[in-house]
Amino acid sequence: MSNTALSASSPPPIAEAAEHLRAGRLVGFPTETVYGLGGDATSDRAVARIFDAKERPRFNPLIIHLPDLEAARKLVEFTPEARRLADLFWPGPLTLVLPRRADCRVSLLASAGLDTLAVRVPGHPLAQALLRAFARPIATPSANRSGRVSPTLAEHVRSELGDRVALVLDGGPCRVGIESTVLDLSRELPTLLRPGGVAQEALEGVLGPIASAPNVEDSIARPSPGMLASHYAPSIPVRLEALAPTPDEAWLGFGAVPPGIRAPDLQLSESGDPIEAAARLFAALRSLDRPPFTRIAVMPIPEAGLGAAINDRLRRAAAPRPGA
Ligand code: TXA
Ligand code: MG
């Protein structure tokens, strides 16, 4: 089995990747948000392999990736609202949770036994090429070990998953850098389950006010397992809203650093742009997660636009770890 991250300059081996998927193996591929770990969504065995490779709890369902709305409509019941959002935001960083159709052929394991399914149409050309070559739905969580920082480069996938993945398609750095927004349209009120690459304000511009899922404890049933309090975590602790670093802290900047404070070890965005910051966030957390640093201190980031998604990930990265 070939296990190399192919360079972005050689032609991407789409046919080979599709062949691995057909054989029930797992493939890493870029989306515009983060790199995904793909497996045949219609195969219980392939889906089980995804959970094993990520060491992911089986109650945490997967997003099903599709090439277009037409393909998504074969799996879930679209409401008029869902249709409007799909027309506006697909392909793109928006995941919709909708009722499974009775004839849906996706493995029940992928949706963790729920009667809903999360569907998304990614915009990245390599993701699109793979979805079309494979011609079946691809179950695709982020290509990191469960609870860790999502990968935004092909190398990250390799270091997270090693030979648990048959092949990694290299599309360079992910443009958005933060996972898709997960919106549940199967309830009475549209409910935001995970802030992400499409800002809540943009969705509310179409739907009107949307509810936020209540914050739930780790130990009880939760509406979206991505809401686990500790998630997206580097191995060293993270300190938020920091106005100055201590000497042993890595210093992650956002916008202008107050006078007299040392220059950041890394900047999310010098100009204070949340879109730029989202694109850099996960790679920055990875690269500061090393000695001599004992903690990562992050400057405050305003909540507007993608700031909400960034702060959501940072709060989870900073949350107390189970067993820690
Ligand atoms: O940007 C993304 O969404 C990336 C790329 C690879 O597409 N994928 C991703 O997948 O972030 P994952 O598995 O890391 O996160 C999926 C999120 C989890 O929070 C999961 O609980 C939620 O979607 N989810 C999946 N199916 C669901 C369902 N039926 N109901 C509620 N939440 C669901
Ligand atoms: Mg994930």
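Residues numbered from 1 in each chain as written. Chains lettered and ligands numbered in written order. Predicted model: local features only at pLDDT ≥ 70, side-chain atom pairs only at ≥ 80, totals over all residues. Heavy atoms only, no water.

**Student:** I'm lost on the overall build of the protein in this one. Help?
**Tutor:** When helices and strands are counted, the protein shows 9 helices and 14 strands. The C-alpha radius of gyration of the protein comes to 19 Å, within 12% of the 20 Å expected for a compact globule of 324 residues. Across its three principal axes, the protein shows a C-alpha extent of roughly 60 × 45 × 35 Å. Looking at the 324 residues of the protein, the share that counts as buried comes to 55%. When the accessible surface of the protein is split by element, carbon and sulfur atoms take 56% of a total near 13400 Å². (Helix = DSSP H or I, 4+ residues; strand = E, 2+ residues; numbered from the N terminus. Rg over C-alpha atoms; globule rule 2.2 N^0.38 Å. Buried < 20%, exposed > 50% of the residue type's maximum accessible area, 1.4 Å probe, protein only. Areas by Shrake-Rupley, 256 points an atom, 1.4 Å probe, with all protein chains shown as cover.)

**Student:** How do you make sense of the nonpolar core when you look at a structure like this?
**Tutor:** Generally speaking, nonpolar side chains in soluble globular proteins are found buried as a group. Core analysis: the largest hydrophobic core is formed by 46 residues, its most contacted members being I64, L85, W90, L94, L96 and L183. Listed by contribution, the elements that provide at least two residues to this core are β2 (35–40), α2 (44–54), α3 (69–73), α4 (80–89), β4 (94–99), β5 (116–120), α6 (154–161) and α7 (200–207). Apart from residues no more than four positions distant in its own chain, W90 is found in contact with L69, A72, F78, L85, L96, V119, R120 and V121. Grouped together as the second largest cluster of nonpolar side chains are 31 residues, V238, A242, L252 and L285 included. (Core = buried A, V, L, I, M, F, W, Y, C linked by side-chain atoms within 4.5 Å. Contact = heavy atoms within 4.5 Å.)

**Student:** Got a minute to help me understand the sheet that holds strand β13 (residues 266–267) in this structure?
**Tutor:** Consider a sheet: its strands pair through backbone hydrogen bonds, and that pairing is either parallel or antiparallel. Judged by pairing direction, the sheet is parallel, and its 4 strands sit side by side in the order β11-β14-β12-β13 without closing on themselves. The open sheet has two edge strands, β11 (238–239) and β13, and neither has a second partner. With 2 bridges joining them, strand β12 (residues 249–253) and β13 adopt parallel strand pairing. For G253, the partnering residue across the bridge sits in β13 and is Q267. (Pairing = 2+ DSSP bridges.)

**Student:** Help me out: how do you make sense of the packing of helix α1 (residues 14–22) against helix α5 (residues 125–134) in this one?
**Tutor:** At their nearest, the axes of α1 and α5 sit 9 Å apart, and the two run at 55° to each other. On the basis of the axis angle, α1 is oblique to α5. Considering how the two elements wind past one another, α1 and α5 form a crossing that is right-handed. The segment α1 lies against α5, with I14, A17, A18, L21 and R22 engaging L126, A129, L130, A133 and F134. (Axes fitted to C-alpha atoms, helices over the stretch in contact; angles between N-to-C directions. Parallel < 35°, antiparallel > 145°, perpendicular 65-115°, else oblique. Left-handed = near helix turned anticlockwise from the far one by under 90°.)

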